[in-house]
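If you want the building blocks of each chain, they are given just below.
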Number of protein chains: 2
Amino acid sequence: MSNLADSLRLYLVTDDRPDAESVIAVVRQAIMGGVTAVQLRRKTDDGGKFVELGRSLRKLTREFGVLFFVNDRVDVALLTDADGVHVGQSDISCKDARKLVGNKIIGVSAANVEEARKAEADGADYLGIGAIYQTSSKDDADMTSLAELRRISQATNVPLVAIGGITSERVPEVIGAGAHGVAVMSAIMSATDPKLAAGRLLTKL
Amino acid sequence: MSNLADSLRLYLVTDDRPDAESVIAVVRQAIMGGVTAVQLRRKTDDGGKFVELGRSLRKLTREFGVLFFVNDRVDVALLTDADGVHVGQSDISCKDARKLVGNKIIGVSAANVEEARKAEADGADYLGIGAIYQTSSKDDADMTSLAELRRISQATNVPLVAIGGITSERVPEVIGAGAHGVAVMSAIMSATDPKLAAGRLLTKL
Ligand code: NI
């Protein structure tokens, strides 16, 4: 368990709600509840709003010593001084991202052993593995069984963050299958009490 | 009329058709017809496809000595070794783009004198002015009258590329109002003969 793995233990991915102030408020509550890393994921924002919200979250995460990642857009990651960028299989490749970000952290989504091995070989610092469970927040996501997660944990040497429909009840079996941390979106973003929701997840980690 | 203005005389903006091979084929024809600059604009592609198509167009434009721009995504502009990036009012700002692109060309969309003056002050190398005429290719675009285009040409010192519904018949009044070049999308991308369409526009420039 590396230092990076510790910092990826409870990883919050933001949703696409139009209200940026609401995103900031929920992220703040989530951090108070114990979130250790935050990824800003905005599929509908233009670059200007994306950068603006990113800078707000960068300030907030720095205040609390929490890692800050930007999904997909390497330019936004650079402009917001993010700790890293997270890329999916259809985004800018890990090798291309590396050309632009230097020694920032690069996370890559992988759904199976093959994708995981390739990402590690390409220089990924951590892997997002999933979707482990069915989820409504990602369209036609590739699914990853707990058995495949276990195979990935045996085939790779970078921290693994499991993602997709993870609840506090499911954390033990996911960690048991080899994940170093869990990433959640709706379990915290849509919770009535995001701080409480983060705390409940953290107690199982 | 600067050297850059000459290179921006007939500026093609690509459309969002899913078929990348078709984009490349049309751009090739358009360049043969006289297009002097190409902007890759992809609102629906993920980063991976965007970079891949951008590299193909970079190779093609270089072969013909034509300028190559990427719309909105500064990261894709950097990875494809584009000549520059074009940003709209809601994209990454001109000042932020400059932090990442060094001395690459930056174009900024402006619809009025105020936006044009600000963009020039922020370091824009050229301005895209419009929409001059109604167009279906851009949703709720701000409109710019020919009179406003003339005011912008008097208020600024960078090359102006007029955009929005421009046809070969309309080129003379647009150039007469102070534009150094014209940008088109559907007039070439949707033409039965893109090479002929580009040639017809060029004869009016
Ligand atoms: Ni001039």
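Residues numbered from 1 in each chain as written. Chains lettered and ligands numbered in written order. Predicted model: local features only at pLDDT ≥ 70, side-chain atom pairs only at ≥ 80, totals over all residues. Heavy atoms only, no water.

Caption draft 1: Looking closely at the UniProt feature "binding site: 4-amino-2-methyl-5-(diphosphooxymethyl)pyrimidine" (unreviewed entry) in chain A. All names here are of chain A. With numbering matched to this structure, UniProt assigns "binding site: 4-amino-2-methyl-5-(diphosphooxymethyl)pyrimidine" (unreviewed entry) to Gln39, Leu40, Arg41, Arg42, Lys43, Asn71, Ser109 and Lys138. Following the sequence through the fold, arginine 41 ends up in the loop between strand E2 (37–40) and helix H3 (47–64). Residue classification places arginine 41 among the buried positions, given a relative accessible area of 16%. Positionally, lysine 43 belongs in the loop between E2 and H3. Excluding anything up to four places from it in sequence, lysine 43 contacts Asp16, Asn71, Asp72 and Asp91. (UniProt positions renumbered as here; feature names shortened; annotations may be inferred. Helix = DSSP H or I, 4+ residues; strand = E, 2+ residues; numbered from the N terminus. Buried < 20%, exposed > 50% of the residue type's maximum accessible area, 1.4 Å probe, protein only. Contact = heavy atoms within 4.5 Å.)

Caption draft 2: Structural context of the sheet that holds strand E8 (residues 181–184) of chain B. Residue and element names in this part refer to chain B. With respect to topology, 8 strands assemble into a closed barrel ordered E1-E2-E3-E4-E5-E6-E7-E8, the strand pairing being parallel. The sheet shows a mean angle of 25° between the axes of neighbouring strands, taken without regard to direction. Against the sheet, helix H3 (residues 47–63) contacts strand E2 (37–40) and strand E3 (67–71), and its axis sits at roughly 165° relative to E3. The strands that helix H5 (residues 94–101) touches are strand E4 (84–87) and strand E5 (105–110); relative to E5, the one it contacts most, it runs at about 165°. (Pairing = 2+ DSSP bridges. Axes fitted to C-alpha atoms, helices over the stretch in contact; angles between N-to-C directions.)

Caption draft 3: Representation of the pattern of salt bridges within the structure. Counted by the stated rule, this structure contains 28 salt bridges over all chains. A:Asp72 is the salt-bridge partner of A:Lys43, the closest N and O atoms lying 4.0 Å from each other. Within this pair, whereas A:Lys43 is found in the loop between E2 and H3, its partner A:Asp72 is found in the loop between strand E3 (67–71) and helix H4 (74–79), the two being separated by 29 residues in sequence. By relative accessible area, A:Lys43 is classed as partly exposed at 40%. In this structure A:Asp72 comes out as buried when scored by relative accessible area, which is 9%. In this structure, A:Arg55 and B:Asp96 form a salt bridge, with 2.9 Å as the shortest nitrogen-oxygen distance. Here B:Asp96 lies in helix H5 and A:Arg55 lies in helix H3, a pairing that spans two chains. Connected through shared salt-bridge partners, A:Lys43, A:Asp72, B:Arg73 and B:Asp75 make up one network. (Salt bridge = Lys/Arg side-chain N within 4 Å of Asp/Glu carboxyl O.)

Caption draft 4: Representation of the packing of aromatic side chains. Residue and element names in this part refer to chain A. Tallied over the full model, the rule gives 6 aromatic pairs over all chains. Relative to phenylalanine 69, the ring of tyrosine 11 has its centre 5.5 Å away and its plane inclined at 15°; by these criteria the two rings are stacked. Within this pair, whereas tyrosine 11 is found in strand E1 (residues 10–13), its partner phenylalanine 69 is found in strand E3, the two being separated by 58 residues in sequence. For tyrosine 11, a relative accessible area of 2% gives the class buried. Between the aromatic rings of phenylalanine 69 and tyrosine 126, the centroid separation amounts to 5.4 Å while the plane-to-plane angle is 65°, which identifies the pairing as edge-to-face. Of the two residues, phenylalanine 69 is situated in strand E3 and tyrosine 126 in strand E6 (residues 126–130); the sequence distance between them amounts to 57 residues. Owing to a relative accessible area of 1%, tyrosine 126 belongs among the buried residues under this scheme. Clustering of aromatic rings is evident, with ring pairs tying together Tyr11, Phe69 and Tyr126. Stacked on the ring of tyrosine 133, the Lys or Arg arginine 170 has its end atom at 4.1 Å from the ring centre. (Phe/Tyr/Trp six-rings, centres within 6.5 Å; stacked < 30°, edge-to-face > 60°. Lys NZ or Arg CZ within 6 Å of the ring centre and 35° of its normal.)

Caption draft 5: Structural view of the environment of B:Cys94. Among the structural elements, B:Cys94 can be located in helix H5. The residues touching B:Cys94, leaving out its near neighbours within four places in the chain, are B:Val87, B:Ile106, B:Val108, B:Ala119, B:Asp122, B:Gly123 and B:Ala124.

Caption draft 6: Inspection of the side chain of B:Thr144 at higher detail. Topologically, B:Thr144 is positioned in the loop between strand E6 (126–130) and helix H7 (146–155). There is a polar contact of 2.8 Å between the side chain of B:Thr144 and the backbone oxygen of B:Ala111. (Polar contact = N/O pair within 3.5 Å; in protein donor to acceptor, adjacent residues only side chain to side chain.)

Caption draft 7: Highlighting the interface of chain A and chain B. Taken together, the contact pairs 19 residues of chain A with 19 residues of chain B. Together chain A and chain B conceal approximately 1500 Å² of surface at their shared face, both sides included; 55% is due to carbon and sulfur atoms. The tally of links from chain A across to chain B stands at 4 salt bridges. Linking chain A to chain B there are 13 residue pairs in polar contact (both at pLDDT 80 or more). Of all the secondary structure elements, the ones that give two or more residues to the side of chain A that touches chain B are H3, H4 and helix H5 (94–101) of chain A. Considering only residue class, the side of chain A that touches chain B consists of 7 nonpolar, 3 polar and 9 charged. (Buried area = accessible area lost by both parts, 1.4 Å probe. Nonpolar A, V, L, I, M, F, W, Y, C, P; charged D, E, K, R; others polar.)

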